[in-house]
Amino acid sequence: MLTGARVVTLDPTRRVLDADVVVSDGRITELRKRPARSRGRRGSELDCAGLVLIPGLVQAHIHLCQTLFRGYADDLALEDWLTRRIWPLEAAHTEDTVYWSALLGAAELLLGGTTAILDMETVHHTDAAFHALQEIGLRATAGKCLMDAPGSPPGLGEATDRALREATDLCAKWHGAAGGRLRYCFAPRFAPSCTGPLLRAVSDAAERTGAMIHTHAAETPVELERVKRATGRDEISYLDSVGIAGPRAALAHCVWVDADGVRQLAHAGTNVAHCPSSNLKLGSGVAPIPEMLAAGCHVAIGADGAACNNRLDAFEEMRLAALIQKPRLGPDAMPAGTVLELATLGGARALGLEAEIGSIEVGKRADLVALDLSGPHGQPADADIPSRLVYAARAADVRHVLVDGRPVVRAGRLLTADLGEIRDKANAAARRLRRSAV
Ligand SMILES: [Zn+2]
């Protein structure tokens, strides 16, 4: 039981309650309204007095394999960023470097209040990332990156059959592992990296296995132009034609989507993973998120990778998701309450887990984050809670984190892995990678 917190439920009526949260077998079993003087304590209680309890934040676009590239690929546009830095670094990855990259990223995410992610790994060694995720306790839907187009970068391009076979094997091994905490997603990198047959096969495989599809879309005008030249269609429409659409699909970015594209995304129920820091840092642009929401699109947020952000901080993404729209559309665009929904309920839906996570309700998984907003930046305490969370709170305010009811962070300390060891091993792995990447 978590006692004493103010609980931001994100339930259908968006209640904020002073309640104790009872957890049993990984799920929330009761929200017990507190009588004024019920402060009895038992051994299994986590004291959250004075804290704000929120549903664990969900980031629907992450590349854990790029955590070790942080600071190695700054101040470049997407195309140079990929071809000069990211692809050579990804091609140099080994099982060991993927493992430490995933642990480093997962540690940062958990300590910052993110409890679930949709994660695109690199082409090779995805098994190692799953092992890291299994150990550290983060909820993740992850997948091997698929690249089969002619002219794919050295060390990453694969034959269509081989890429699909490994993806299907990984899905069989990891989809539903760790008591359902780990799930698989089929992850074609982006339309220009993949053949039409691969994309169609991915759509079929996802349908057959119940796994998600995660890819990038419409991130830059250059990408849009390449897809148009190769297929004769707008990118969203092309993806739709090969089955990369609908509630099972989550498309990262969608910056360059026109009104037709927005309508198509809304009509199909496709998830959009909005990554404001990454879009700003790579100079990609500002995604038309308020327009998408007005059209009924399903939107989530994500930090993307550490190589283009450079933080994996959901609080930073929430704040930016609100702020970047205001110069364009006015200060009433993207209010705090809407953004908080994207980072919780929207993320849950993008992972296909809306019945399991994203709010604090009886029956849902106990993915919970307790924040200490007693610092000066969290005052005054009677201000609107979504405003305090989206505009003022920081990752450093996170005190306790539970995933599936299991404490993974307590009093700001990671319980499931040795942070000192992760730091040392990740640094050594990053040095090795940098030396071997050509
Ligand atoms: Zn990405």
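Keep in mind that this is a model prediction, so the values were computed, not measured.

A. Geometry of the overall build of the protein. A tally of helices and strands in the protein yields 15 helices and 20 strands. Over its C-alpha trace the protein gives a radius of gyration of 21 Å, about what one expects of a compact globule, namely 22 Å for 438 residues. When burial is assessed residue by residue, the protein has 59% of its 438 residues classed as buried. Partitioning the intrachain contacts of the protein with sequence separation of at least 6 by distance along the chain shows that 74% fall at a separation of at least 24.

B. Main features of the coordination of the zinc ion. At this site the zinc ion is bound by H61 (NE2), H63 (NE2), H216 (NE2) and D304 (OD), with donor distances of 2.0 to 2.4 Å. If you look at the zinc ion, its 4 donor atoms make angles of 85 to 175 degrees with each other, and the shape they trace is irregular. Donor residues for the zinc ion, ordered by position in the chain, follow H-x1-H-x152-H-x87-D. Residue H63 is located in strand 7 (residues 57-63), and its partner H216 is located in strand 12 (residues 212-217); the two are separated by 153 residues in the primary sequence. Looking at H63, the relative accessible area reads 2%, which means it is buried.

C. Structural context of the environment of A437. If you trace the backbone, A437 turns up in the segment after helix 15 (419-436). A437 gets classed as partly exposed once you look at its relative accessible area, which sits at 21%. Filtering out sequence-adjacent residues up to four positions away, A437 remains in contact with P88, L89 and A92.

D. The arrangement of the packing of helix 3 (residues 126-136) against helix 4 (residues 160-174) in detail. Axis separation between helix 3 and helix 4 bottoms out at 11 Å; the angle between their running directions is 20 degrees. Between helix 3 and helix 4, the interaxial angle falls into the category roughly parallel. For the crossing formed where helix 3 meets helix 4, the hand is right-handed. Along its contact with helix 3, which presents T126, D127, F130, H131 and Q134, the element helix 4 presents L170, K173 and W174. Tallied by class, the residues present in the contact of helix 3 with helix 4 amount to 3 nonpolar, 3 polar and 2 charged.

E. Representation of the pairing of strand 13 (residues 249-253) within the structure. Judged by how many residues are buried, strand 13 sits mostly within the fold: 5 of 5 residues are covered. Bridge analysis of strand 12 against strand 13 gives 5 bridges, and the strand direction is parallel. Within strand 13, the position partnered with T215 by the bridge is L251. Handedness of the crossover joining strand 13 and strand 14 (residues 271-274) through helix 8 (residues 259-268): right-handed.

F. Fine view of the pattern of salt bridges. Counted according to the given criterion, the structure contains 28 salt bridges. Linking R34 and D18 is a salt bridge whose minimum nitrogen-to-oxygen distance equals 3.9 Å. Of the two residues, R34 is situated in the loop between strand 4 (27-33) and strand 5 (46-47) and D18 in strand 3 (residues 16-24); the sequence distance between them amounts to 16 residues. What makes R34 partly exposed here is its relative accessible area of 22%. The class for D18 is partly exposed, based on a relative accessible area of 37%.

G. Here's a closer look at the packing of helix 13 (residues 336-350) against helix 14 (residues 385-392). Two numbers describe how helix 13 lies on helix 14: the axes approach to 8 Å, and their chain directions differ by 70 degrees. As far as their axial angle goes, helix 14 and helix 13 are roughly perpendicular. Residues A336, G337, V339 and L340 of helix 13 form the contact with helix 14, whose participating residues are P386, S387, L389, V390 and Y391. Tallied by class, residues from the contact of helix 13 with helix 14 come to 7 nonpolar, 2 polar and no charged.

H. Looking closely at the packing of aromatic side chains. Summed over the entire model, instances satisfying the criterion amount to 4 aromatic pairs. Ring centres of F130 and W174 lie 4.9 Å apart, and the angle between their planes is 5 degrees; on these two criteria the pair is classed as stacked. Of this pair, F130 sits in helix 3 while W174 sits in helix 4; the two residues are 44 residues apart in sequence, bridging distant segments of the chain. When its relative accessible area of 3% is taken as the criterion, W174 is described as buried. Centre to centre, the rings of Y184 and F186 are 5.2 Å apart; their planes meet at 85 degrees, and the pair counts as edge-to-face.

I. How the structure looks around unusual backbone geometry. Look at the link from N309 to N310: it is a cis peptide, with omega at 5 degrees. Along the chain, N310 turns up in the loop between strand 16 (304-305) and helix 11 (314-323). Cis geometry is adopted by the peptide bond preceding P380, which originates at Q379 and carries an omega value of 0 degrees. In this fold, P380 is placed in the loop between strand 17 (368-371) and helix 14. Positive phi is not limited to glycine here, since D304 has a value of about 65 degrees. Along the chain, D304 falls in strand 16. A positive phi angle, close to 55 degrees, is found at D404, a residue other than glycine. With respect to the helices and strands, the residue D404 is situated in the loop between strand 18 (398-403) and strand 19 (406-410). Relative accessible area serves as the criterion here: at 17%, D404 is assigned to the buried category.

Rules and cut-offs
Residues numbered from 1 in each chain as written. Predicted model: local features only at pLDDT ≥ 70, side-chain atom pairs only at ≥ 80, totals over all residues. Heavy atoms only, no water. Helix = DSSP H or I, 4+ residues; strand = E, 2+ residues; numbered from the N terminus. Rg over C-alpha atoms; globule rule 2.2 N^0.38 Å. Buried < 20%, exposed > 50% of the residue type's maximum accessible area, 1.4 Å probe, protein only. Contact = heavy atoms within 4.5 Å. Donors = N, O, S within 2.8 Å, 3.2 Å for Na, K, Ca; no water. Tetrahedral: all angles 85-135°; square planar, octahedral: opposite > 155°, others 65-115°. Axes fitted to C-alpha atoms, helices over the stretch in contact; angles between N-to-C directions. Parallel < 35°, antiparallel > 145°, perpendicular 65-115°, else oblique. Left-handed = near helix turned anticlockwise from the far one by under 90°. Nonpolar A, V, L, I, M, F, W, Y, C, P; charged D, E, K, R; others polar. Pairing = 2+ DSSP bridges. Right-handed = clockwise from strand over helix to strand, strands pointing away. Salt bridge = Lys/Arg side-chain N within 4 Å of Asp/Glu carboxyl O. Phe/Tyr/Trp six-rings, centres within 6.5 Å; stacked < 30°, edge-to-face > 60°.

Remember, this is a structural readout, not a statement about activity or role.
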